[in-house]
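Remarks on the overall topology
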Amino acid sequence: MPDFLSEAQALFEYTQSMRRDFHAHPELGFHEVRTAGIVAKELTALGLEVHTGVGGTGVVALLEGAKQSPVVLVRADMDALPIREETGAPYASQNPGVMHACGHDGHTAVLLTVAKMLNAHRSQLSGTVKFMFQPAEEGMGGAEKMIEDGVLENPKVDVALALHVWNEKPVGWVGIAGGPAMAGAEIFKIKVRGKGGHGAVPHLAVDPILAAAQVVSALQGIVARNIAPLQTAVVSVCTIHGGETFNVIPPAVEMTGTIRTFEPAVRTRVLERFEKTVHSIAEGMGCQAEIELQILTPATINQPETAARVQAVARRLFPEADVDTANYITMGSEDFAFVLEKVPGCFFFIGSANPEKGLDAGHHHPRFDIDEAALPRGAALMAAIMTDLLKS
Ligand code: NI
């Protein structure tokens, strides 16, 4: 096995300059034109077969080793968020109101570095690496679009991998576990319809505000009273809108929110109770409710065998203490789940915070920034895993 840690360190300036360039020029989901252009240019320069415009602005590249199969896919996401950056960093966003606040700039730079390293060792790869640079990870379905465009076919993907820099943990920490890694997410919209009227004569109206308030309270009983205490689910009402002025009972109230679960059985139970609770409370209060439910992502579930292999590679690469295999999970959701629904694989976390340098704001925060020391560690680990999976 090549010494990927040293190789990644030697490429640090490349990785950092790429990451900072992407950071300074963030693009929203499905608008990653500049980013995808740089990615395609870098991959073409390596002599790889490159396909652009996959699932919108996605880029796919193939690196064939000594044999054609198996095919291992490795994915990075390229999109930024609609957030106004407040880091004050020299490489801060030059695109006002758009920011790489989740570290996808780092993922893109890491995967380009991985491509460089693996390309230099292609004769040692007994199979094909498929690089997937995806658009629109942030709740816009970029992975699904690329799957529809055939990213998992021609050649057919056998195993898939992805990493996420993780600011909830310090640089040095690596989180890899089999089973659930990130939650499945649903978006809901509830419309409670009553009958509008004068605020002074409520008996002539049907008040949707009171009904909506009861619905919000009752929804919190679903997880508390229907889900086993050692299982996990979240139901959050995050917006509520109704009424225009102080003396008019409005005709309707709208609410939106999210449901997060890991286990399919828990998800089914929560959704069943959700529908029943909303409808029966609204009706009990004389109103009608309409529910719109949209699945954002399924749960991200790691195949135990692949996860065990990734753990073994990480233990060889890093000191034992750095590798956390204790089933670290988060209620955040991840678009890569759509890939892992179709092929086995592993999604893992690379600690990227450094509180001493003030680099520990959470993901999606206007002051989010990472310690770039995490990047070569991620690149080395990913290159080592790919080489391990493709050893003859
Ligand atoms: Ni992210």
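A separate point is the overall build of the protein chain. Each helix and strand in the protein chain was counted, giving 10 helices and 16 strands. Against the compact-globule benchmark of 21 Å for 392 residues, the protein chain has a radius of gyration of 23 Å, which places it among compact chains. Seen through its principal axes, the protein chain has C-alpha atoms that stretch 80 × 45 × 40 Å. In the protein chain, which comprises 392 residues, the share counted as buried stands at 54%.

Turning to the packing of aromatic side chains, a few remarks are in order. On inspection of all chains with the given rule, the structure shows 6 aromatic pairs. A centroid spacing of 6.0 Å and a plane angle of 35° characterise the contact between Phe 336 and Phe 347, whose relative ring orientation is tilted. Placement of the pair is Phe 336 in the loop between β15 (323-324) and α9 (337-342) and Phe 347 in strand β16 (residues 345-353), with a sequence separation of 11 residues. Both residues of the pair, Phe 336 and Phe 347, count as buried. Measuring from centroid to centroid gives 5.5 Å for Phe 347 and Phe 349, while their planes differ by 85°, and the two rings are edge-to-face. For the pair formed by Phe 347 and Phe 349, the shared burial category is buried. Members of the aromatic cluster, joined through ring pairs, are Trp 166, Trp 173, Tyr 328, Phe 336, Phe 347 and Phe 349. Its guanidinium or amino end placed over the ring of Tyr 14, Lys 116 lies 4.5 Å from that ring's centre, counting from NZ or CZ. A cation over a ring is seen here: Arg 377 above Phe 318, with NZ or CZ 4.1 Å from the ring centre.

Turning to the environment of Ala 224, a few remarks are in order. Along the chain, Ala 224 falls in helix α6 (residues 208-226). For the pair formed by Ala 224 and Val 234, sequence separation is 10 residues and the distance between their alpha carbons is 9.8 Å.

All right, on to the sheet that holds β15 then. Read from one edge to the other, the open sheet built from 8 strands follows the order β1-β2-β4-β3-β5-β16-β6-β15, with strand pairing classed as mixed. This sheet does not close on itself; its edge strands, each paired only once, are β1 (49-54) and β15. Pairing between strand β3 (residues 67-77) and strand β4 (residues 126-134): 8 bridges, direction parallel. Bridge pairing in β4 links Arg 75 to Met 132. Contacting β2 (58-64), β3, β4 and β5 (159-170), helix α4 (residues 104-120) crosses the sheet at an angle of about 155° to β4. Packed onto the sheet, helix α10 (residues 374-389) meets β3, β4, β5, β6 (174-175) and β16 and runs at close to 155° relative to β5.

With that out of the way, let us pick up the coordination of the nickel ion. Four donors placed tetrahedrally about a metal ideally form angles of 109.5 degrees, and six donors placed octahedrally ideally form angles of 90 or 180 degrees. At this site the nickel ion is bound by Cys 102 (SG), His 104 (NE2) and His 164 (NE2), with donor distances of 2.2 to 2.3 Å. Owing to a relative accessible area of 8%, Cys 102 belongs among the buried residues under this scheme. Given the relative accessible area of 0%, His 104 is considered buried.

On domain assignment, one finds that the protein chain holds domain 1 (4-181 + 299-389) and domain 2 (184-297). On a C-alpha basis, the centres of domain 1 and domain 2 stand 37 Å from each other. On the domain 2 side, the residues contacting the 14 residues of domain 1 number 9 residues. The interface formed by domain 1 and domain 2 holds 0 salt bridges in total. Run the count over domain 1 and domain 2 and you get 1 residue pair in polar contact (both at pLDDT 80 or more). When grouped by side-chain class, the residues that make up the side of domain 1 that touches domain 2 number 8 nonpolar, 4 polar and 2 charged.

Scoring rules and cut-offs
- Numbering of residues begins from 1 in every chain and follows the order in which that chain's sequence is written.
- Only residues with pLDDT of at least 70 get local features here, since the model is predicted, and only at 80 or more are side-chain atom pairs given and counted; chain-wide, interface and lining totals rely on the full set of residues.
- Note that water and hydrogens are dropped before the side-chain values are worked out from all heavy atoms of the structure.
- Helix and strand assignments follow DSSP, with helices taken as H or I runs no shorter than four residues and strands as E runs no shorter than two, numbered in order from the N terminus.
- In this setup the radius of gyration rests on C-alpha atoms only. A globule is expected at 2.2 Å times the number of residues raised to 0.38.
- Relative accessibility thresholds used throughout: buried, under 20% of the residue-type maximum; exposed, over 50%; partly exposed, between the two (1.4 Å probe, protein chains only).
- Pairing of aromatic rings covers Phe, Tyr and Trp, the last through its six-membered ring, and needs centres within 6.5 Å; plane angles under 30 degrees mean stacked, over 60 mean edge-to-face, and all others mean tilted.
- Only lysine NZ and arginine CZ atoms are considered, and such an atom sits over a ring when it is within 6 Å of the ring centre and within 35 degrees of the ring normal.
- Two strands qualify as a pair provided DSSP detects at least 2 bridges between them.
- Pairs of residues are marked as contacts when any of their non-hydrogen atoms sit within 4.5 Å.
- All axes here are fitted lines through C-alpha atoms, helices being fitted over the stretch that makes contact, and every angle between N-to-C directions spans 0 to 180 degrees.
- Because no water is among the atoms considered, metal sites can look incomplete, with donors defined as N, O and S atoms within 2.8 Å of the metal, or 3.2 Å for Na, K and Ca.
- Throughout the structure description, domain borders are defined by an automatic or database domain assignment.
- Just to be clear on terms, a salt bridge is a Lys or Arg side-chain nitrogen sitting within 4 Å of an Asp or Glu carboxyl oxygen.
- Any pair of nitrogen or oxygen atoms within 3.5 Å is treated as a polar contact; in protein, a donor-acceptor pairing is required on top of that, and neighbouring residues in sequence qualify only through side-chain atoms on both sides.
- Each residue gets one label: Ala, Val, Leu, Ile, Met, Phe, Trp, Tyr, Cys and Pro are nonpolar, Asp, Glu, Lys and Arg are charged, and the others, such as Gly, are polar.

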